[in-house]
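Coordinates in review
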Amino acid sequence: MFLAVLIHSSFTPIFAQQKARFKGYVIDSLGQPISNGSLRFQPDQIQASTNEKGYFETDLHYTGQYRYTITALGYQQDTGSINLTTRRQPIRFMLSNAEQQIAEITVVGQVLKRPTLIDPRNSAMPVTIIDRRTLDLLGSRRLDEVLREQTGMAIVNNTAGGSRSVGVQMQGLSSQYIMILIDGQPLLGRQSGNLDLSRIQVSNIERIEIIKGASSCLYGNDALGGAINIITRFGSTSPQLHLQANYASFHTIDMTAEAERNFNKNKGYLLFSSNYYRTNGFNNNKRYMEAGTTVPPYTNFAVQGKIRHQLKDESELLSLSLRANNRHSEMTRKYASDYEIIDQQDETDLNASLSFDKRWSSQWKSLTNYYFSHYQSDIAVDNQEASTSLSSDRFRQAIHKIEQQAAYHRSGFNLTLGAMVQLEKMNVEANLNQRQQLTSSVYGQGNYNWGAHVLLTAGIRFDHTVNFGSQLSPSLGTTIKLLDNLKWKTGIATGFKAPDFRTRYQVFYNPSANYYVLGNEVLRETVERMDAAGELSEIRTAVLKQLDQSLNAEKNTSLNTGFHYTPFKNSQIELNVFYHRLRNQINSIQVATGQRNMAVYSFQNLPSAVNKGIEANWQAEIFTGLQLSGGYQYLIAKDLSVQDSIRANVWPYSQNIHDPKTGNAYKPSAKDYWGLENRSRHQFNLGVIYRYEPWNLSFNLRAIFRGKYPFMDLNGNRFIDKYDSYVDSHIIYYAGIEKKFNSRPLSIRVNMDNMTNYINYMIPGQMGRMTSIGLSYRIIKN
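Residues numbered from 1 in each chain as written. Predicted model: local features only at pLDDT ≥ 70, side-chain atom pairs only at ≥ 80, totals over all residues. Heavy atoms only, no water.

Things to note about the overall build of the chain
Along its length, the chain carries eight helices and 47 strands. Here the chain has a C-alpha radius of gyration of 27 Å; the compact-globule value for 782 residues is 28 Å, and the two agree. Considering only C-alpha atoms, the chain reaches an extent of 95 × 55 × 50 Å along its principal axes. Taken over 782 residues, the chain has a buried fraction of 56%. For the chain, restricting intrachain contacts to residue pairs at least 6 apart in sequence, the fraction spanning at least 24 positions comes to 63%. Here the chain displays about 33100 Å² of accessible surface, and carbon together with sulfur accounts for 55% of that area. Charged side chains of the chain number 82 positive and 67 negative; the gap between the two group centres comes to 6 Å. (Helix = DSSP H or I, 4+ residues; strand = E, 2+ residues; numbered from the N terminus. Rg over C-alpha atoms; globule rule 2.2 N^0.38 Å. Buried < 20%, exposed > 50% of the residue type's maximum accessible area, 1.4 Å probe, protein only. Contact = heavy atoms within 4.5 Å. Areas by Shrake-Rupley, 256 points an atom, 1.4 Å probe, with all protein chains shown as cover. Lys, Arg positive; Asp, Glu negative; His and termini not counted. Charge placed at Lys NZ, Arg CZ, Asp CG, Glu CD.)

Some words on the environment of R333
Tracing the sequence through the fold places R333 in strand β23 (residues 316–336). For the pair R333 and A609, spaced 276 residues apart in sequence, the C-alpha separation works out to 36 Å. For R333, the side chain forms a polar contact with the side chain of D343, separated by 2.4 Å. (Polar contact = N/O pair within 3.5 Å; in protein donor to acceptor, adjacent residues only side chain to side chain.)

Comments concerning the packing of aromatic side chains
The geometry of an aromatic ring pair is captured by two quantities: the separation of the ring centres and the angle between the planes. Inspection of the entire model under this criterion finds 21 aromatic pairs. Summarising the aromatic geometry, the rings of Y68 and F93 are spaced 4.9 Å apart at their centres and angled 55 degrees between planes, so their arrangement reads as tilted. Of this pair, Y68 sits in strand β6 (residues 64–71) while F93 sits in strand β8 (residues 91–95), and the two are 25 residues apart along the sequence. The ring of Y277 has R142 sitting right over it, with the charged end atom 4.2 Å from the ring centre. (Phe/Tyr/Trp six-rings, centres within 6.5 Å; stacked < 30°, edge-to-face > 60°. Lys NZ or Arg CZ within 6 Å of the ring centre and 35° of its normal.)

A closer look at unusual backbone geometry
The phi angle at H251 is positive, at roughly 50 degrees, despite the residue not being glycine. Structurally, H251 is set in the loop between β18 (240–248) and β19 (252–263). Classification of H251 as partly exposed rests on a relative accessible area of 33%. A positive phi angle, close to 60 degrees, is found at N584, a residue other than glycine. Judged by its relative accessible area of 23%, N584 is partly exposed.

With respect to empty space enclosed by the protein
Vacant regions in the atomic arrangement are exposed by a probe of water-molecule size rolled over the atoms. This structure, assessed with the given rule, holds 13 cavities of 30 Å³ or more. Space inside the second largest cavity adds up to approximately 740 Å³. M179, P186, D222, Q422 and E424 are, among the 45 residues lining the second largest cavity, the residues nearest its centre. Top element by residues in the lining of the second largest cavity is strand β26 (residues 388–410). It accounts for seven residues. (1 Å grid on protein atoms, 1.4 Å probe; cavity = no way out; pocket = protein on both sides within 12 Å on 5 of 7 lines; lining within 4 Å. Points joined across faces, edges and corners; volume = space filled by probe spheres on them.)

A word on the sheet that holds strand β13 (residues 185–186)
Taken in spatial order, the five strands line up as β9-β16-β17-β12-β13 in an open sheet, and their pairing is mixed. Of all the strands in the sheet, the pair left with one neighbour each is β9 (127–131) and β13. Pairing geometry for strand β12 (residues 178–182) and strand β17 (residues 226–232), over five bridges, is parallel. Along β17, the bridge assignment pairs I180 with I228. (Pairing = 2+ DSSP bridges.)

Comments concerning the confidence of the model for the chain
Residues at a pLDDT of 70 or more form 92% of the chain, whose mean pLDDT is 84. Low confidence marks residues 1–16, where pLDDT is under 50. Its contacts with residues over four positions away, or in another chain, come to 52 contacts. (pLDDT = per-residue confidence, 0-100.)

Some remarks on the nonpolar core
With 25 residues, the main nonpolar core has L518, L523, V527, L536, L547, V591 and V600 as its most contacted residues. Those residues in contact with L518 that lie beyond four places of it in its chain are Q506, V507, L523, T526, V527, V600, Y601, S602 and F603. Counting 22 residues, the second-largest nonpolar core is a separate cluster that includes M153, V168, I205 and I210. (Core = buried A, V, L, I, M, F, W, Y, C linked by side-chain atoms within 4.5 Å.)

Thoughts on a nonpolar patch on the surface
Taken together, the side chains of L270, I307, L311, L318, L320, L322, L354, Y370 and I402 present a nonpolar region at the surface, about 760 Å² in accessible area. With three residues, β23 is the single largest residue contributor to the nonpolar patch. When you line up the elements, L320 lands in strand β23. Assessed through its relative accessible area of 34%, L320 is described here as partly exposed. (Patch = residues over 30% accessible without salt bridge, like charges linked within 9 Å, V, L, I, M, F, W, Y side chains within 5 Å. Salt bridge = Lys/Arg side-chain N within 4 Å of Asp/Glu carboxyl O.)

Describing the pairing of strand β37 (residues 599–623)
By the bridge criterion, three bridges tie strand β33 (residues 515–518) to β37 in an arrangement that is parallel. Its bridge partner being in β37, V517 is matched across the sheet by Y601. Counting the residues between successive antiparallel strands, the hairpin from strand β36 (residues 571–594) to β37 contains four residues, one of them, R596, with a positive phi of roughly 55 degrees. As judged from the 14 bridges shared by β37 and strand β38 (residues 626–639), these two strands associate in the antiparallel manner. Considered in β38, the bridge of E621 is made with Q627. Hairpin connection from β37 to β38: two residues lie between these consecutive antiparallel strands, with G625 at a positive phi of about 100 degrees.

Brief notes about the environment of S725
Relative to the helices and strands, S725 resides in strand β44 (residues 725–727). When the C-alpha atoms of S725 and P710 are compared, they prove to be 6.0 Å apart, with 15 residues separating the residues in sequence. Apart from residues no more than four positions distant in its own chain, S725 is found in contact with P710, F711, M712, L714 and M762.

Describing the pattern of salt bridges
In this structure the tally under the stated criterion is 24 salt bridges. Linking K401 and E403 is a salt bridge whose minimum nitrogen-to-oxygen distance equals 3.4 Å. Taken as a pair, K401 and E403 share a single burial class, namely buried. With a shortest N-O distance of 3.3 Å, R540 and E538 are connected by a salt bridge. Note on E538: relative accessible area 32%, which makes it partly exposed. Ionic contacts of the salt-bridge type, sharing partners, join the residues D196, R327 and E347 into one network.

Quick word on helix α8 (residues 640–647)
Across the eight residues of α8, six count as buried, placing the element largely inside the fold. Restricting attention to buried positions, one finds in α8 the residues L640, S641, V642, Q643, S645 and I646. Lining the buried residues of α8 we find β36, β37 and β38. Immediately downstream of α8, the backbone of N649 shows phi near 60 degrees, a positive value.

Side note on the sheet that holds strand β7 (residues 78–84)
In spatial order, the strands read β4-β3-β6-β7; together these four strands make up an open sheet with antiparallel pairing. The two strands at the open ends of the sheet, each matched to only one other strand, are β4 (46–49) and β7. Shown here is a sheet whose adjacent strand axes are inclined to one another by a mean of 25 degrees, direction ignored. Relative to β4, strand β3 (residues 38–42) is paired through four bridges, and the arrangement is antiparallel. Bridge pairing in β4 places R40 opposite Q47. (Axes fitted to C-alpha atoms, helices over the stretch in contact; angles between N-to-C directions.)

Here it is as structure tokens:
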């Protein structure tokens, strides 16, 4: 996004023939100073540059109207006009981060501020970067609220049986294939394959980097379908304090306090932030549920601390980062006067990272990192009326990870190398003893400018996982500058993902939906135990025999190709075609039926699945202050083995399809298979942002459309056809207004989510209409 906001306190008349100085600050969207920025004022050819505090000042010049141009490495150029008067407070110019450009890949200064040497802009796959200013305008509080408005992404929920997972699909790929990282390090605690995005607040996020497609070359096994890297604030050169508070419908409270400063003659840097969040939840299933909520109520408290200090000089830095997150949730669901369920969940997430940054020369630098993460979740589901426990689950997961990275840079070429060893442990109390898995990897990726118009990208990763062997994951990409304003980018990459602990060992009962899920490697012993206890009425022996072998690792091949066109200033159009071929996809299959029609599922490898489609994005600044944007995705997501089974007339896919309206039945063909559940063929988003600079006001209005998508198989033929249950097409609207004050660093924001109050019981995570008001106060010491 190209964004530049000029902030000045008043408009005053010109005092011709008098002299004055241009002076002020150049900052980024977070209010951080931009050093080494270049300013030029016309027509007098006045030039200035910013110091480390972002401050600039010129000699005396005649007052009057001037045109200005501001440039800085890694930021979008800003131009405009301004009046120089004799009485003027320091001017503050705000620059936006530059979007992906061929030349910007070689910006060394940007890499220094990253918590990792891996730069996603070097990826062969499409990259989207959401900066702080955009997050502010959206008024979002949690990560899932930000991602739902991105093209090609859809939010998925699982709030049954004590789970609190809110995940995301990307180009049709499930949440379990999307890696979520904070400052380059992976998060733990997936439930039903989803890593709960709602537990991540956005108040201290500097930007969000999204890579679509197989990103295993850069980030590892879990990034089979893409990666979302959350970069938190880091590296201010000025002491500052930021306080933020929001209150919203459903008694939702979100409060943040941040403080950061330099110390020891700017050799050290310290940041501390804390966030408190609570909500009463929401019931969007009043049709079938008398009382309680479907969106869980919870309280969440998070703290984060960072400290960095020079060891010898600026070439050696030692950094320590600590983060803790705790959430408590208690949810009631009452379906009838004599059936009330209460489930509780307590989650604790701890992370620690120790890094040593070393710049060896103007071309070489390295980063050594140790990372520890521990996640635990305690779930209890009780029948309130009978005072009985329906299920309980105590889950523990931890990783120790040591990683060494090195980066080389010279004009037209850069290279990133790395090696990693990771030990992962998991324990599910009462189900199994502690299990562990050791993974080691080496990887490298390089970018080379071939002439003035071609950028080549190549990467490779070697993973070795105990029990699942070794795997090479290569990637290749090109960016060709066809015209000054037209680029063509193509990338192909492969990914590898070993089966996780859940699919191998976990035993989980969902009392709300009345089903069991059994890990593949504990399947037979658990089924035999349940059968001996008289808990099963049917065992599908053929399926059980088929699953009497270890699961295979999943593999994905991703292809993305598309154009980036800039028809005129402050506008761009992107068109991208994607194709993902997923082999050995791990999917659930019913293996037995229990008493009271309880279903028992386990996991199997599917030979092949495919996600393919088209994405288009555009944005334009129609006139100063008015921006329009939009995005569209067309998606086909199918399990190819289902199509093959229908063609081969294999049971249960050979069953006749019944038309409930006519009562007719007919033999299915492959064309009757609609596709995977919870995938829309069509999605689009539209947005309008208007800034009225004289009043420092910003308005925004967005619309998110999801086309109809399958909810569940109603007729029992094990695939989705047109007679099954669907969620209808719908649009959800969001709006916000923000006022910044010139006299003090205060802003007030009012937002409304789901303006038309659209709710649907088949979308359990969709809140009703929500109005929020927020205050932000940031003090920066000049």
